[in-house]
Each structure stands twice: as C-alpha cells, then as structure tokens.
Amino acid sequence: MNSKIYTAPPGTGKAFLGKSLPGLLWEADAAYSNDDFLNDRRDGAWRSVSIKGFKEQSVALAAGLIKIGIKPGARIGLYMESDVDFCLADMACLLARVIDVPIYLTHTNEAIEYVLKHAEVSAIFVSDGEKLATLAPVLSKMKHLKDVIVFEEEFDGVEGLRSRVRVHTAASVMDKGSEMVASEPGFGDRLVAEVKPHDVATIIYTSGTTGNPKGVVLTHENISFNGLTSFSGLPMYEPGGKHEVAISFLPLTHVFARTLQYGYLHSGTSVFFIDTDHISEGLRQVKPTVFATVPRVLEKVYAKILQKGMELNPLRRKIFTAALNAAREYELGKEPDRGLKVRLRVYDKLVFSKWREAVGGRVEWIIAGGASLSAEIANVFAAAGINILQGYGLTETSPVITFNRPRRNRAGTVGEPIPGVQVKIAEDGEIVTRGPHVMVGYYKSEDKTREVIDGDGWFHTGDIGEFTPDGFLQITDRKKDLFKLSTGKYVMPQPLENRLTTHPMIEQAVVFGPTYKYCSAIIFPEINMVRTFAISEGLDPDISDHDLLEHKIVKDKFQSLIDEANAGMDHWSTIKKFVIVPETLSAESGLLTPSLKVKRSKVFAKYKDVVDTMYTENSESQVEVHH
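Right, let's walk through the structure included here. (Residues numbered from 1 in each chain as written. Predicted model: local features only at pLDDT ≥ 70, side-chain atom pairs only at ≥ 80, totals over all residues. Heavy atoms only, no water.)

## Thoughts on the packing of helix α11 (residues 295–310) against helix α12 (residues 314–329)
Line of reasoning, step 1. Between α11 and α12, whose axes approach to 9 Å, the crossing angle comes to 145°. Here α11 contributes Y302, I305, L306, G309 and M310 to the contact with α12, which in turn contributes R317, F320, L324 and R328.
Line of reasoning, step 2. Taken together, the residues that form the contact of α11 with α12 break down as six nonpolar, one polar and two charged. (Axes fitted to C-alpha atoms, helices over the stretch in contact; angles between N-to-C directions. Helix = DSSP H or I, 4+ residues; strand = E, 2+ residues; numbered from the N terminus. Contact = heavy atoms within 4.5 Å. Nonpolar A, V, L, I, M, F, W, Y, C, P; charged D, E, K, R; others polar.)

Structure representation (structure tokens):
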C-alpha cells in the first residue's frame, strides 16, 4: 500500500496520551465543582450526583469489589441500564483493575451466554431484580460465576442460580468498601496510581451483522486518547459544568456513548441520562447544548419536521415549503450568496427557530456516528442553525477515526482524522488506520486479530471509502456488503439504501442481488408518513393500512422514490423491482444492530421468500406489497 497517508490538519486539536480512565476523574475533581455532574430519573424526579460524590462512591464500590475477593484482571459483566449506576459500576471496575464486559440489553439469551462464557465472567453487575430474573436462566449455566451485584436495594429472590453464587446489593458492597477506605487514608489515590494507561480497561463484544460477536480488547489509553483528543477538536466547548449540558440516550454498552462519557467526565460536563422513549421530553426539559446520536434518530426527527409541515394550513405550509427549499440550497463549507443569506435570515424567525426549540433551543453540537448521514439532512439542519458533526469509527478504534469539526464541516463526509491518527485507502478501496486508538486485539482470537491488523500496525476497517480533494473522508460501503450479480458486475448497495432512507416515507430499505441478474429491494415503510402523504393527495384519512399501500397513488410515489435513488447510478446497480413490507425492523428482533444498522444476512434469511418472488419468471410488476 503506497497511497497517501492522511492526518489531522493543523489547528484541529491535539493528541492526549498516557492517561488512565480513573485519572480523568481525579483531574476533573481537582479542576471543577459540579453538583449536577451525573443525573438520571428515579420515581419521576432527577437524581443528581456531584463529581466529588461520584468519585467517593466509585472508590467505595471498588474497595468493596476487592473486599469480596475480586482480583485484578478478573472479568465483570455489566447488564445494566445506561444511567448513573452504569457509570459507577464501570468506574469501580476500572479502579479495582478488573476488566468490565458490557452486555447489550437487547441481546438474546444465546448471545449473552456466549459472551459470558467466552469472557469467563466471574461476577456481574445487574440494574435490578427484574433484569436478574431475566438473566437467571443464563447465569445458572455459568461455571465461572461467583458473584452477582444488584443495584436495586430491595428485590425478590431469584431461583436457579448455582448454590455457590453470592448475590449482593451494590449498597452492601459499598458499605464493605467504605470500611476499607476509612481504615486507610489516601486509599483512592493509591488505587488510581496503580492503574496504568496500557492496562486493559474493557472487553466490548461487537454485536456484528454476522456470526458470533468478537471481544474487542481496549486499554485505558485507547479510550482516554480517543475521547480527550476528539474533544480537543471542539475549541468552543466550555468545560466545568457552568455552560455545557449533555443528554445521553445511546447505550453505554456501545463504545461511542462510553468514550463520549469519559470526555464529558474529564470536562466536568453535566450529563442527563434519558431513555429512548422520552427523548423529546428530555430535550425540552434539559435544554442541552450537546448530545450524540445515530443518524437514524436524526432521520426520524427530519421526517417528523416534514410531516408537521405537510399538516399546516395552506398559508403556513407555503412558508414552510419555501423555508425548506432555501435550506436545501445551503451547502456546508460554501459561503451562501447574498440572496440565500437574506432568505435564511427571514425563515430563521418564521420557521427554523421552531426547529431549534424542538431540540431544546440551546443545542450547539449534535455528534452523529454509527452509520451514514445523508448530506441533505446535514445541510438542511446546518441552514437552520443546528450543527451536526458526523464522525466515523468502529469499536476496534475506540471508536473515533475521523470527524467533522465545527468550522471544518462537509455534508456527505465523516470529516478529517483526529490528531495522532493515520488513515489511508488501500488498493482495493478499503479504509485502513493506525495509531493509539487501535485495539489490542480480539479476546482469545489471535487469528482474527491478524486478519484485521497487519504487520505494520494498520487496522483494516472493512469499509470502502475515499478522500475528497480537500481531505475529507467519504464512506461508500461496507466491503463485505459489496456483492456480485450473476452477470459478473459488482454492486455497492449502501448508496442506494442511504438515498432511499433519507425520505421520511421509508423507514428502512435493503437492496439484494448476489447471484441474481439484477438488483431488487425490500422497502419497509414509515406508515404514518405514508398516510400523511396520502391525505395530502386527497385519499380518505380512514383508509386501512392494507388499502393504503395497495393504492396506485402510493405505489406510484414509492416508484418515483426508487427512480430518484437510481438516478446517476450504473445501470446494472439500479433497483429493477421492489416489494413493500409493512413491518418494522428492530434490535430486539435481531434484524438491526444496537446502533441500528441492518443485519443484511438475517433480513435476507427472514424474507428470502419475498426476495425470491422478485426473480420469478411471472414477476412482471416492478412494485408489490407483501402483507
């Protein structure tokens, strides 16, 4: 590989090396006083923990883990909600030099069993008795398990666990630890001094889209470097808890949310944890200045904005449409002409200010990652004064490789490398990267590690991409998603899928074609938006979902969306036929990853009969509905 190596441009941040994760807490406690550092909801009210209180509780819980016999290097599972308790359990593990293994709440028992056995987990933190009861059938099979620690103080006993397994409350473990802390002045300082930057901090099992999950081994420095270096690319970010306020709703089991949390911690930023069912309410209540999300959430926000615009009275709808068209003319990285500037200022007061109020009214940065974000959404939101900074990375890279900075932002790209990171494009188009962000390797799997990290230290991401002339990275597809038609032509499905899912009437789109002679697609509709469109076209508001999707006006609309997605694509990679399936894909059903990426092989397996109908000789129609 002799291609150009890309690095961070001057003035876009600095690299932070040699820090442990508990060390970030000690630095924050020394620098800031924030009584509302971590916050979550309990019985309808906010529960707040100060930086100092969080530090003291973490030390007590870490001491408690040591007291009950958990040794450095042991693996502890975290089967928990993404809240203050998760952060506390995580920090206690880090201080006690044990390796935590977060487990997705959406995983099947089969997947959880695999992770716990593969990691040889000897203890596990659980949020409450209900989750413990759910997990009990799996825990009963764990021969290495010795301790279960439950954060809920009162819960019903659980049957089925092995007799040697001890069940504790987190409070009782902290009480034991508090006795140790009281008996040794400077106990916490000693613990943090014993943690080294290159110690293993966590093993995160990637959910993946195929096969068993792989355990990604990350050190303290992997994550601290990544979080602090990324934050240094936000020069206007004010640490200390007096200005910046964050909400967090992504799972802390995912490295994206977790690394970001350590960045918030080091900055002393107030963080409010909310569940995904109450995002709108949380935005209104907390009025954050920053939050992270996945593109699918932003697509849904955009769809909701469009839906509400279509429901306005004729005059207001005309103003809304004009504002939207002006926003669509705006392009990040280019100075708008005078006329567009004037129109955007006018529509800011009439329309865009209401959009900003919908996300709390104070948002300065929305950090997006985990999948591709359409250029249209990035440009339109930027025109409305809502800055989306899209980044790129993987669990194996802790995760950030590149991201768009506030003053160096290009729609349709994932930005430029962070300081200390090298990126280049291999001869086959694959993105490869090298630096202190790259994992140690896959747990208990040297062969799989060697498959992705070559002898020169380059990690092979599995993503296909290219750099723009001005040095911004664009992702075009997953290498493993590239497929070959029976005609011998290769197809990248992601560009088509991204174009389709940008439209609010389409919840998900999956393109198929391996071994077939042409491409087809399954369209999963957003039925409420389809209905809104139909009503605007004069259809009966009470029409059934079945008749709605079968109506010619609706079918023709979906065909026009397919035609728009096909425009400009190589003729062999265009979608020739598609089926509308009025069902919902979810992480709970196993058809999406926790970051809402489609598990293509599992979708194909479930809907193989539907796909096959698009390749039968008597399939003449381009569009069908599968009920």
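## Concerning a nonpolar patch on the surface
Line of reasoning, step 1. Taken together, L315, I319, V342, V346 and L350 make up a surface patch of nonpolar side chains, about 410 Å² in accessible area.
Line of reasoning, step 2. Where the nonpolar patch is concerned, the elements lending two or more residues are α12 and α13 (338–358).
Line of reasoning, step 3. Ranked by the residues each element gives to the nonpolar patch, the list is headed by α13, at three residues.
Line of reasoning, step 4. Judged by relative accessible area, I319 falls into the partly exposed class, the value being 31%. (Patch = residues over 30% accessible without salt bridge, like charges linked within 9 Å, V, L, I, M, F, W, Y side chains within 5 Å. Areas by Shrake-Rupley, 256 points an atom, 1.4 Å probe, with all protein chains shown as cover. Salt bridge = Lys/Arg side-chain N within 4 Å of Asp/Glu carboxyl O. Buried < 20%, exposed > 50% of the residue type's maximum accessible area, 1.4 Å probe, protein only.)

## Quick word on the state of the cysteines
Line of reasoning, step 1. Per the stated rule, a full pass over the model turns up zero disulfides.
Line of reasoning, step 2. Residue C87 stays outside any disulfide, its sulfur separated by 12 Å from that of C93, the closest cysteine.
Line of reasoning, step 3. You can call C87 buried: its relative accessible area is 7%. (Disulfide = S-S within 2.5 Å.)

## Thoughts on the packing of aromatic side chains
Line of reasoning, step 1. On inspection of all chains with the given rule, the structure shows 15 aromatic pairs.
Line of reasoning, step 2. With 6.3 Å between their ring centres and 55° between their planes, F320 and W355 make a pair best called tilted. On the criterion of sequence distance, the pair formed by F320 in helix α12 and W355 in helix α13 is long-range, its members being 35 residues apart.
Line of reasoning, step 3. A relative accessible area of 8% places F320 in the buried class.
Line of reasoning, step 4. Connected via pairs of aromatic rings, a cluster forms that spans F231, Y237, Y264 and W365.
Line of reasoning, step 5. Taking NZ or CZ as reference, R405 lies 4.7 Å from the ring centre of F403, over its face. (Phe/Tyr/Trp six-rings, centres within 6.5 Å; stacked < 30°, edge-to-face > 60°. Lys NZ or Arg CZ within 6 Å of the ring centre and 35° of its normal.)

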